[in-house]
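# Observations on chain architecture
As a plain string of letters, each chain reads:
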Amino acid sequence: MSMKALQIVDKETTELVRMPIPEPGPGQVLVKVTAVTTCPQWDLHIYYGKPMFTHQAYVPFPYPPGQPGHEMTGTVAKLGEGCTQFEPGQTVSAWKDPGHNQLGCYAEYVVIDEKFILAVPKELHYTQVASLELAMCVGASVMKLKRAVGIEGRRCAVNGLGPAGLIALQMLLAEGAAAVTGIDPNPERRQIARQLGADQAYEPGAPEVAPRGSESAFDIAIDCVGYPEAVRYIMDHTTEAVALFAVQRDDYILNHKSLTVIGYPGHHREAAEYALELIVANRLNLAPLISVELPLEAYTQAVELLRSQKAVKVCFVPGMSQAD
């Protein structure tokens, strides 16, 4: 039996390849992929031949089939030796990627460690649970921020309204923030933020955003941009604490010694379960993050939509054809 998988074979060059359906090893689960969503950071780096992290010298092409897809939901097709938590046919979502040096989730099937998936209610549409891995990442930062300084009753800001920022603002609201403000130069992203519950949404530099030291400055903030000037901007408008979520590629300068800076705590299952609980309780809505659904064959189109910011996320449905 064979399956199709997307492969980035060279810079800005992709192919749809045929390969054998993999067999799960001990402690692994074979999942039939229902849907997999883009991660703009990964896709826009790898497709254009740019290393994802500063310590990487180059992108090795051809890239492993199915990569860099990692935000996936599907059904259990087969259990490897020793797997006892799931049953064939059960709906699951990944909360941690299978590893970027092996088969990724831009494929009809993927093998993943049993410990890296969670059972999700089958009645939830795939657009609600495919991006669980990203929600886990954001949840880890929100949980750390909550434990460090508290969120309930605070004036909060989210800097950058891409996929992570739109999740962060919903989590802050779920935690009882007094008000949440989104900051982004893209007016369409600001509109989505308002639709998801943000009290205000402004472009950077807007006069409504009060500077640090004023009574209406933000108490706490989450940065989902990552560029030094953007980080400096949100620090200059926040009084107590800033959580740094975005991938750091340059050094940051901390100009305010009284400001608590919270780094990303890393992936962990507790944050995945936290995110899933919010989804099930209708307090976190991931569906609006998906701008369009496409077949795997349309990957180049999807990357262009991400690059031009005409899409927040793209959802690939491996069972979809170009004619659909």
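Everything discussed here concerns the structure shown above.
Remember, it's a predicted structure, so these values are computed and weren't measured experimentally.

The next thing to look at is the environment of Ala-246. You can see Ala-246 is positioned in the loop between β12 (238-244) and β13 (260-262). The exposure class assigned to Ala-246 is buried, which follows from its relative accessible area of 14%. Taking C-alpha positions, Ala-246 is 6.6 Å from Asp-223, a pair spaced 23 residues apart along the chain. With sequence-adjacent residues up to four places away left out, Ala-246 is seen in contact with Asp-223, Cys-224, Val-225 and Gly-226.

The next subject is the side chain of Lys-4. Position of Lys-4 relative to the elements: it lies in strand β1 (residues 2-10). Classification of Lys-4 by relative accessible area gives buried; the value is 12%. Contact partners of Lys-4, with chain neighbours within four places excluded, come to Leu-16, Val-17, Arg-18, Ala-107, Glu-108, Glu-297, Pro-318 and Met-320.

All right, on to the packing of helix α3 (residues 132-149) against helix α4 (residues 163-174) then. Two elements in contact, α3 and α4, have axes whose closest approach is 9 Å; the angle formed by their N-to-C orientations is 45°. Classified by the interaxial angle, the pair formed by α3 and α4 is oblique. Of the two elements, α3 crosses α4, and the hand of that crossing is right-handed. Along its contact with α3, which presents Leu-134, Ala-135, Val-138, Gly-139, Val-142 and Leu-145, the element α4 presents Pro-163, Ala-164, Ile-167, Ala-168, Met-171 and Leu-172. Tallied by class, residues from the contact of α3 with α4 come to 11 nonpolar, one polar and no charged.

In this structure, the amide linkage connecting Phe-61 to the following residue, Pro-62, adopts the cis form with an omega of -5°. Mapped onto the elements of the fold, Pro-62 is located in the loop between α1 (40-46) and β4 (71-79). Between Gln-67 and Pro-68 the backbone carries a cis peptide bond, its omega angle lying at 5°. In this structure, Asn-282 takes a positive phi of about 60° despite not being glycine. Assessed through its relative accessible area of 68%, Asn-282 is described here as exposed.

Turning our attention to the nonpolar core. Formed by 99 residues in total, the largest nonpolar core has its most connected members in Leu-145 and Met-171. Tallying contributions element by element places α3 first for this core, with 11 residues. Excluding its chain neighbours within four sequence positions, the residues that come into contact with Met-171 are Ala-135, Val-138, Gly-139, Val-142, Tyr-274, Ala-275, Leu-278 and Leu-284. Of all hydrophobic cores here, the second largest spans 13 residues; its members include Ile-183, Val-209, Tyr-233 and Ile-234.

What follows concerns the pairing of strand β14 (residues 290-294). Of the pairings in the sheet, the one linking β14 to strand β15 (residues 313-316) comprises four bridges and is parallel in character. Among the inter-strand pairings, Val-292 is bridged to a residue of β15, identified as Val-314. As for the winding sense of the linkage, the β-α-β connection from β14 through helix α8 (residues 299-307) to β15 is right-handed.

So, how was this worked out
Residues numbered from 1 in each chain as written. Predicted model: local features only at pLDDT ≥ 70, side-chain atom pairs only at ≥ 80, totals over all residues. Heavy atoms only, no water. Helix = DSSP H or I, 4+ residues; strand = E, 2+ residues; numbered from the N terminus. Buried < 20%, exposed > 50% of the residue type's maximum accessible area, 1.4 Å probe, protein only. Contact = heavy atoms within 4.5 Å. Axes fitted to C-alpha atoms, helices over the stretch in contact; angles between N-to-C directions. Parallel < 35°, antiparallel > 145°, perpendicular 65-115°, else oblique. Left-handed = near helix turned anticlockwise from the far one by under 90°. Nonpolar A, V, L, I, M, F, W, Y, C, P; charged D, E, K, R; others polar. Core = buried A, V, L, I, M, F, W, Y, C linked by side-chain atoms within 4.5 Å. Pairing = 2+ DSSP bridges. Right-handed = clockwise from strand over helix to strand, strands pointing away.

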